[in-house]
Amino acid sequence: MDARRLGVGIRLPQAFLTEAATDYLSSKDFDELTEDWAEAAYADLARPVHGKQAPLRRTMLRPKIRRPGNATPSTELGADTGPFFQLADYLEQHGRSHRTRLCPPLSFWAAAYEHLTQPRDLRNLASAAQNRHRLEWAYGLLQRAADAGHSEALIDLARIRERDGDREGAEALLRRAASAGHVTALFSLGYMCEAVGDWEGAEGFYQQAADNGSANALMVLVRKREAAGDQEAAEALLRDATGAGRIKPPLSLAKQRDRDWEDAQVPIQQVPNAGLVKPPVSLAKQRDRNRGGVQELIQHATDAGHTNALIDLARMREAAGNRAAAETLLRQATDAGHTSALIDLARIQEKYGDLQAAETLLQRAVNAGHTSALIDLARMREAAGNRAAAETLLRQATDAGHTSALIDLARIQEKYGDLQAAETLLQRAVNAGHTRSLVILMQMREEDGDREGAESFYQLAADAGHMNALAILMQMREKSGGMAAARTLLIDAARKGHTNAMVKLARRLEKEGDVEGAEALLRQTADFGDARQFSRSGRWPYGLDPDGTPTPPWSTTLAPTDDSA
């Protein structure tokens, strides 16, 4: 169950399962094992439960089917190590729901390191170990994944080596990943060269990355040309990459250029005073020159078939107050088949008071299949006082899968005094994951003077894991019942498994001098797989062992991966 919930594939090697099982047994149970305990266990688990599914059944790997010219000698067929077993679905579900708070024992990690061979399985487990602050096992499993051919694992290892000051080791790992065709590795190598002033080397890596589809690398090269004043060369790079079909950067570059142009319009008096006068002026001039390239870049995007660029640019124009340009671009997008632009067009019409035109456009969007437009239509109908029509539209939106419409429905019920219906809808919204929007309604209840009602809604959101709601609820409890009431709330949230609450409580305990209690909570947070909540604090710098004790010092250079491969 632990292997599956942490990302291992459905076929589990018997050797892994047998070795991993030992630390799951108590000392008494382990001492009572017979020599044939493993065989007996597999036989027992292979029997169907209640006449249906076996808890653990043996499974076979299908032989790879090869074309005649690439046939493999029959002696090599089935050479994969085995046998393999597959866990029943109901046990997978049980493990995911009931073992979330537990970190697997030492034998699990050791068996995975020793017996698992699939690169994806190894990297998934490395990620699970990292999230649980089991850093030594994370690094070891990453090594195994890298040696098994997982290029992403090579990059992960390189980042660790670079973080630990081993630039040479990091570069060697990145070169291995780059030789395997990983574009991110090429970009990272370029960045490392640039960081030490080797632009010639950096440019080579960036160019390779751009040639293989990296928009980020192309942006670096383009901006370098622009910084040198060679605008023609910058545009040529862009045209060549787009024309060759290697990359789709025009939209992202156009967005950046457009943002730069808008920034240039800010009055110089608003630029923070750093003792410099000329740079803001010259920067504004440079950005203003760049504005002329935006339209060309957008044209590149549309010519290449990326007509969605029109919508993004239209939003920029509208945000800058240029209504006419925004509407023109949105109509072009609509004509090009992007009917979602109708929603943007409708919002502009509504903003400027043309409600009839807005409704017409939204109805066109709905007819074109954009059911999210139902929510906009409903809001307009409700604003016009047509409650029944608004509710009908919102229910249609909910039925179409837009569960955020439940929030609007609840707001309408609350507005007209049907609080019970509002609460029912809010509970449905929480169950659908829309806890962030609930805070607005909670604040509305509080503004109406209904503190008790507001607190009940905050509790609802806090129980769903919304930490902003929990923080507000704590403040409310502190005001009404003091620190003790707030602490009780935090403890309750921590018991329910909200790791943010666990970390907050740990910090409080530490301030109060209860270091042991604080560290116990942080260990639980790590076991949940949320060690990022505290991993940057410097606590337990070498990680934790599977049993939760601090790992003794270890070094990434003591067990290097095979850099010669």
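This is a predicted model, so every value here is computed, not measured. (Residues numbered from 1 in each chain as written. Predicted model: local features only at pLDDT ≥ 70, side-chain atom pairs only at ≥ 80, totals over all residues. Heavy atoms only, no water.)

S.K.: Just to check I follow, could you spell out the pattern of salt bridges for this structure?
M.R.: Counted under the stated rule, the structure contains 28 salt bridges. Note that R96 is salt-bridged to E92, the shortest N-O span being 3.4 Å. Here E92 and R96 lie together in helix α5 (residues 89-98), a separation of 4 residues that amounts to about one turn. On the basis of relative accessible area, R96 is assigned to the partly exposed category, the value being 40%. By relative accessible area, which is 12% here, E92 ends up buried. (Salt bridge = Lys/Arg side-chain N within 4 Å of Asp/Glu carboxyl O. Helix = DSSP H or I, 4+ residues; strand = E, 2+ residues; numbered from the N terminus. Buried < 20%, exposed > 50% of the residue type's maximum accessible area, 1.4 Å probe, protein only.)

S.K.: So what exactly am I meant to see when it comes to the packing of aromatic side chains here?
M.R.: Each aromatic ring pair is specified by the distance between its two centres and by the angle formed by the two planes. Applying the stated rule across the entire model yields 7 aromatic pairs. The interplanar angle of 70° and the centroid separation of 5.7 Å between the aromatic rings of F16 and F108 together place this pair among those described as edge-to-face. On the criterion of sequence distance, the pair formed by F16 in helix α2 (residues 14-20) and F108 in helix α6 (residues 106-115) is long-range, its members being 92 residues apart. Given a relative accessible area of 2%, F108 falls into the buried group. Taking 6.3 Å as the distance between ring centres and 70° as the angle between the ring planes, the aromatic pair formed by Y113 and W137 counts as edge-to-face. Of this pair, Y113 sits in helix α6 while W137 sits in helix α8 (residues 135-147), placing them 24 residues apart in sequence. Judged by its relative accessible area of 33%, Y113 is partly exposed. Accessibility expressed as a relative area gives 19% for W137, which makes it buried. Seen from the ring of W199, K224 lies directly overhead, with NZ or CZ sitting 4.6 Å from the centre. When the ring centre of W540 is taken as origin, the NZ or CZ atom of R539, which lies over that ring, is 5.8 Å away. (Phe/Tyr/Trp six-rings, centres within 6.5 Å; stacked < 30°, edge-to-face > 60°. Lys NZ or Arg CZ within 6 Å of the ring centre and 35° of its normal.)

S.K.: Where do I start with the side chain of E171 in this structure?
M.R.: Along the chain, E171 turns up in helix α10 (residues 167-179). Under the relative-accessibility criterion, E171 is labelled buried at 18%. If sequence neighbours within four positions are ignored, E171 has contacts with L189 and M192. (Contact = heavy atoms within 4.5 Å.)

S.K.: Mind showing me how you'd approach the side chain of D376 here?
M.R.: Position of D376 among the secondary structure elements: in helix α21 (residues 373-383). Under the relative-accessibility criterion, D376 is labelled buried at 10%. In contact with D376, not counting residues within four places along its chain, are I343, R347 and L362.

S.K.: How do you make sense of the pairing of strand β3 (residues 84-87) when you look at a structure like this?
M.R.: If a strand is regular, its side chains alternate between the two faces of the sheet. Neither face of β3 is left uncovered, since the one carrying F84 and Q86 and the one carrying F85 and L87 both have all their residues buried. Here strand β1 (residues 12-13) pairs with β3 via 2 bridges, running antiparallel. Residue pairing for β3: L12 is matched across the bridge by F85. As defined by bridge partners, strand β2 (residues 56-59) adjoins β3 across 4 bridges and the pair is classed as antiparallel. Of the residues in β3, the one forming a bridge with R57 is Q86. (Pairing = 2+ DSSP bridges.)

S.K.: Could you clarify how one ought to interpret helix α22 (residues 387-399) in this entry?
M.R.: Taking 1.5 Å of rise per residue, 13 residues should cover 18 Å, and α22 covers 18 Å from first to last C-alpha, within 8% of that figure. Three or more residues of α22 are buried, namely A389, A390, E391, L393, L394, A397 and T398. Contacts made by the buried residues of α22 are with α21, α23 (405-415) and α24 (419-431). Count one or two residues on from α22 and you reach G401, which has phi positive near 105°. (Expected span 1.5 Å × (residues − 1).)

S.K.: It is not clear to me how α21 should be interpreted in this structure. Could you clarify?
M.R.: For an α-helix, 3.6 residues make a turn, and residues three or four places apart therefore share a direction. Judged by how many residues are buried, α21 sits mostly within the fold: 8 of 11 residues are covered. Listed as buried for α21 are A373, L374, I375, D376, L377, A378, M380 and E382. In the core, the buried residues of α21 are packed alongside α19 (341-351), α20 (355-367), α22 and α23. Just downstream of α21, G385 is the residue with a positive phi angle, here 90°.

S.K.: Explain the sheet that holds β3 here, please?
M.R.: Strand order in the open sheet formed by 3 strands is β1-β3-β2, and the pairing between neighbours is antiparallel. Looking at which strands have only one partner, the edges of the open sheet turn out to be β1 and β2.

S.K.: Mind showing me how you'd approach the nonpolar core here?
M.R.: Most often, soluble globular proteins have nonpolar side chains that are buried together. Ranked by internal contacts, the top residues of the largest apolar core, which has 61 residues, are F16, W109 and L125. Sorting elements by how many residues they give to this core places α8 first, with 8 residues. The contact partners of W109, leaving out residues within four places of it in the chain, are L6, C103, P104, L125, A128, A129, W137, L141 and P546. If you look at the next biggest cluster of nonpolar residues, it comprises 40 residues, including I343, L362, A405 and L406. (Core = buried A, V, L, I, M, F, W, Y, C linked by side-chain atoms within 4.5 Å.)

S.K.: Is there a simple way to think about the confidence of the model for the chain in this case?
M.R.: Detailed reading of the predicted coordinates is not advisable wherever pLDDT falls low. Looking at the chain as a whole, its pLDDT mean stands at 79, while 77% of the residues score no less than 70. Model confidence for the chain, summarised as mean pLDDT per element, is weakest for helix α16 (residues 278-303) at 43 and strongest for α6 at 95. Throughout residues 71-80 the model reports pLDDT below 50, and contacts reaching past four residues in sequence, or to other chains, amount to 4 contacts. (pLDDT = per-residue confidence, 0-100.)

S.K.: Hey, could you run me through the packing of helix α12 (residues 199-211) against helix α13 (residues 215-227) in this one?
M.R.: Describing two packed helices takes the angle between their axes plus the distance from one axis to the other. Their axes nearest at 8 Å, the elements α12 and α13 cross at an angle of 130°. Comparing the axis directions of α12 and α13 gives the class oblique. Crossing hand, α12 versus α13: left-handed. Contacts between α12 and α13 involve W199, E203, Y206, Q207, A209 and A210 on the former and, on the latter, A217, L218, V220, L221, K224 and R225. Considering only residue class, the contact of α12 with α13 consists of 8 nonpolar, 1 polar and 3 charged. (Axes fitted to C-alpha atoms, helices over the stretch in contact; angles between N-to-C directions. Parallel < 35°, antiparallel > 145°, perpendicular 65-115°, else oblique. Left-handed = near helix turned anticlockwise from the far one by under 90°. Nonpolar A, V, L, I, M, F, W, Y, C, P; charged D, E, K, R; others polar.)

S.K.: What is the right way to look at the packing of helix α18 (residues 323-335) against α19 in this model?
M.R.: Put simply, α18 and α19 touch, their axes get as near as 9 Å, and they point 155° apart. One way to sum up the angle between α18 and α19 is to call them roughly antiparallel. Crossing of α18 against α19: the hand is left-handed. The residues of α19 that touch α18, namely those facing R323, A326, E327, L330, R331, A333 and T334, are A341, L342, D344, L345, I348 and Q349. Classifying every residue of the contact of α18 with α19 gives 7 nonpolar, 2 polar and 4 charged.

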